[in-house]
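Residue-level structure breakdown
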Amino acid sequence: MSTPSWPAAEDPVLNGQVPGEQAGGHSTAAQAAGAATGELFFKDPFAHTYAKPKTSGAPNGRPRSHVPGEVGIWVFVLGDMCAFALFFSVFVLTRTQQPAVFELGRRSLTLALGTINTLLLLTGSFMVVVGLRYVRRLRQRIGSRFFAVALFCGLCFVGNKVIEYHGLIHDGHKPASNDFYTYFFMFTGVHLLHLTLGLGGLGFMVKTARKPAIAARDLRNLEALATYWHLIDLLWIVLFALLYLLR
Amino acid sequence: MTSIRPAAIVWVALMTSALLNAWLGEGHGPAKVAAVAVIVIAFVKVRLVGHYFMEVRGAPLPLRVIFDAYIGVVSCALIGIYLIGT
């Protein structure tokens with residue numbers, strides 16, 4: 001897998017510095033202010049006439065807290081988390097009623113495949129975090145490469161899942177076999193549907209980050225899609241624990 | 001703007017934790033202790049993903065409270081269901 005190089009320890013972008021501070025003066029104060037406030041990213045000859053971005057008044061002068069993306073995506077994310085909480089509860093409840101069936105089912109799963117999928121999603125999520133950081137610091141071209149790596153991780157997850165499903169069905173473990181496999185295929189299938197939609201979102205993120213200039217609306221969209229991608233990671237963490245690990 | 005380092009540390013910790021979770025699930029320790037540990041570790045990871053990847057830690061207080069309340073309620077419910085049922 002080819003990953004973009006990012007010398008994290010030395011990289012001023014990843015260490016929270018404004019690009020204009022070390023990029024030979026290519027960036028202006030307006031860009032720096034824009035990065036903090038979510039305004040348009042472009043060289044603005046009238047930048048010096050603008051007011052400074054509002055801060056929380058904290059001693060460190062950090063920008064005020066904000067909802068990543070927009071409120072709507074969080075309503076969806078929290079609603080989805082609640083729906084999955086119901087799935088988790090039903091699964092654990094049924095597991096306590098049929099411990100032998102569920103333990104046999106769990107042992108039939110390949111733990112290595114589940115662990116690899118976890119590592120893929122965690123890595124994909126981190127790539128999105130780094131990519132978004134680059135976009136916010138006006139280096140969206142580099143950010144798009146990190147989004148592309150996250151997309152690759154997601155595609156590997158799908159491939160891995162297909163292998164897992166094929167293996168289980170080949171061994172005679174079908175959704176109708178017993179309650180464990182019903183839940184396994186249903187929950188992981190719903191999660192896979194989320195992930196497939198997320199792949200489309202990541203594709204959009206790659207395309208958006210390749211724009212020469214990122215508008216405030218683009219940044220909001222990128223943040224919202226990043227939040228959705230992290231949701232997929234978050235849900236998988238619990239699914240993996242319950243399906244593969246819980247005895 | 002904060003450094004990427006905390007998120008990088010969280011990423012390494014989560015990767016390590018995934019391997020630790022796998023080890024717990026392979027039959028080490030009493031079943032109930034291992035099960036509770038698996039659920040607790042999973043939701044600690046959820047919180048780390050939420051706060052450091054989804055940027056909940058920089059979000060307004062209501063969102064932080066709702067997110068953390070979700071983690072507390074759901075993890076306690078799952079542990080309760082498991083312990084009462086077994």
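Because the structure is a prediction, the values reported are computed rather than measured.

About the cut-offs
Residues numbered from 1 in each chain as written. Chains lettered and ligands numbered in written order. Predicted model: local features only at pLDDT ≥ 70, side-chain atom pairs only at ≥ 80, totals over all residues. Heavy atoms only, no water. Helix = DSSP H or I, 4+ residues; strand = E, 2+ residues; numbered from the N terminus. Buried < 20%, exposed > 50% of the residue type's maximum accessible area, 1.4 Å probe, protein only. Contact = heavy atoms within 4.5 Å. Areas by Shrake-Rupley, 256 points an atom, 1.4 Å probe, with all protein chains shown as cover. 1 Å grid on protein atoms, 1.4 Å probe; cavity = no way out; pocket = protein on both sides within 12 Å on 5 of 7 lines; lining within 4 Å. Points joined across faces, edges and corners; volume = space filled by probe spheres on them. Nonpolar A, V, L, I, M, F, W, Y, C, P; charged D, E, K, R; others polar. Buried area = accessible area lost by both parts, 1.4 Å probe. Salt bridge = Lys/Arg side-chain N within 4 Å of Asp/Glu carboxyl O. Phe/Tyr/Trp six-rings, centres within 6.5 Å; stacked < 30°, edge-to-face > 60°. pLDDT = per-residue confidence, 0-100. Expected span 1.5 Å × (residues − 1).

1. Structural notes on the overall build of chain B
A tally of helices and strands in chain B yields three helices and zero strands. Along chain B, helices and strands appear, N-terminal first, in the series α-α-α. Within chain B, the proportion of its 86 residues that are buried is 44%. Pairs at least 24 residues apart make up 62% of the contacts formed inside chain B by residues separated by at least 6 positions. If you sum the accessible surface of chain B, you get close to 3,900 Å²; carbon and sulfur atoms cover 76% of it.

2. Side note on empty space enclosed by the protein
Following the criterion strictly, the structure yields one cavity of 30 Å³ or more and no others. Looking at the largest cavity, the residues that line it are Pro68, Leu132, Arg136, Glu223, Ala226, Thr227 and His230 of chain A together with Phe53, Met54 and Glu55 of chain B. When residues of the lining of the largest cavity are traced back to their parent elements, those giving at least two are α4 (111-136) and α7 (216-245) of chain A. Broken down by element, the residue count for the lining of the largest cavity peaks at four residues, all from α7 of chain A. Of the residues belonging to the lining of the largest cavity, the class tally is five nonpolar, two polar and three charged.

3. Focus: the side chain of glutamate 164 of chain A
Within the secondary structure, glutamate 164 of chain A sits in helix α5 (residues 140-170). Setting aside anything within four residues of it in sequence, one finds glutamate 164 of chain A in contact with Thr110, Leu113, Phe184 and Tyr244 of chain A.

4. Quick word on the side chain of threonine 227 of chain A
Within the secondary structure, threonine 227 of chain A is located in helix α7. With residues up to four places along the chain from it excluded, the contact list for threonine 227 of chain A reads Pro68, Trp74 and Val77 of chain A together with Met54 of chain B.

5. Observations concerning the interface of chain A and chain B
Taken residue by residue, the interface counts 48 residues in chain A and 48 residues in chain B. Summing both sides of the interface, chain A and chain B together bury roughly 4,300 Å²; the carbon and sulfur share of this comes to 74%. For the chain A face of the interface with chain B, the top three residues by lost area are Phe126, Leu245 and Arg247 of chain A, together amounting to 16%. Along the contact surface separating chain A from chain B lie one salt bridge. Glutamate 55 of chain B is paired through a salt bridge with arginine 136 of chain A; the nearest N and O atoms lie 2.6 Å apart. Mapped by element, the contributors of at least two residues to the side of chain A that touches chain B are α2 (71-97), α4 and α7 of chain A. Take the side of chain A that touches chain B: its biggest share by element is 13 residues, from α4 of chain A. Looking at the side of chain A that touches chain B residue by residue, the classes come out as 29 nonpolar, twelve polar and seven charged.

6. Here's the deal with the environment of glycine 131 of chain A
Looking at where glycine 131 of chain A falls in the secondary structure, it is placed in helix α4. Along the primary structure glycine 131 of chain A and phenylalanine 204 of chain A are separated by 73 residues, whereas in three dimensions their C-alpha atoms are 13 Å apart.

7. Some details on the packing of aromatic side chains
Residues and elements named next belong to chain A. By the definition in use, this model includes 24 aromatic pairs over all chains. Judged by centre distance (6.4 Å) and plane angle (85°), the ring pair of tyrosine 165 and phenylalanine 184 falls under edge-to-face. Here phenylalanine 184 lies in helix α6 (residues 179-209) and tyrosine 165 lies in helix α5, a separation of 19 residues in the sequence. Each member of the pair, tyrosine 165 as well as phenylalanine 184, carries the same accessibility label: buried. Taking the centre distance of 5.2 Å and the plane angle of 85° together, the rings of phenylalanine 180 and tyrosine 181 count as edge-to-face. Here phenylalanine 180 and tyrosine 181 have matching classes, each one buried.

8. Focus on the confidence of the model for chain B
Keep in mind that low pLDDT regions are not for reading the predicted coordinates in detail. Residues at a pLDDT of 70 or more form 90% of chain B, whose mean pLDDT is 89. Ranking the helices and strands of chain B by mean pLDDT puts helix α3 (residues 61-85) of chain B first, with 97, and helix α1 (residues 5-24) of chain B last, with 86.

9. Examining the confidence of the model for chain A
Residues and elements named next belong to chain A. Mean pLDDT over chain A stands at 83; residues scoring 70 or higher make up 74%. Every residue in residues 1-9 scores below 50 in pLDDT, and together they form 14 contacts with partners more than four places removed in sequence or on other chains. In the model, residues 18-62 has pLDDT below 50 throughout and makes 50 contacts with residues more than four positions away in sequence or in other chains.

10. Brief notes about unusual backbone geometry
Where the residue is not glycine, phi is negative for most of them; where a peptide bond is considered, it is trans in most cases. With phi around 70°, leucine 138 of chain A is a residue other than glycine that occupies positive phi space. Leucine 138 of chain A sits in the buried class, given a relative accessible area of 18%. Its identity is not glycine, yet glutamate 55 of chain B carries a phi of approximately 65°, on the positive side.

11. Focus: α7 of chain A
The terminal C-alpha atoms of α7 of chain A, which comprises 30 residues, lie 43 Å apart, in line with the 44 Å expected from a rise of 1.5 Å per residue. Of all 30 residues making up α7 of chain A, 25 are buried, and the element is well covered by its neighbours.

12. Remarks on the pattern of salt bridges
Under the criterion given, the structure shown has eight salt bridges over all chains. One salt-bridge network, in which partners are shared between bridges, spans Arg95, Glu103, Arg106 and Arg107 of chain A.

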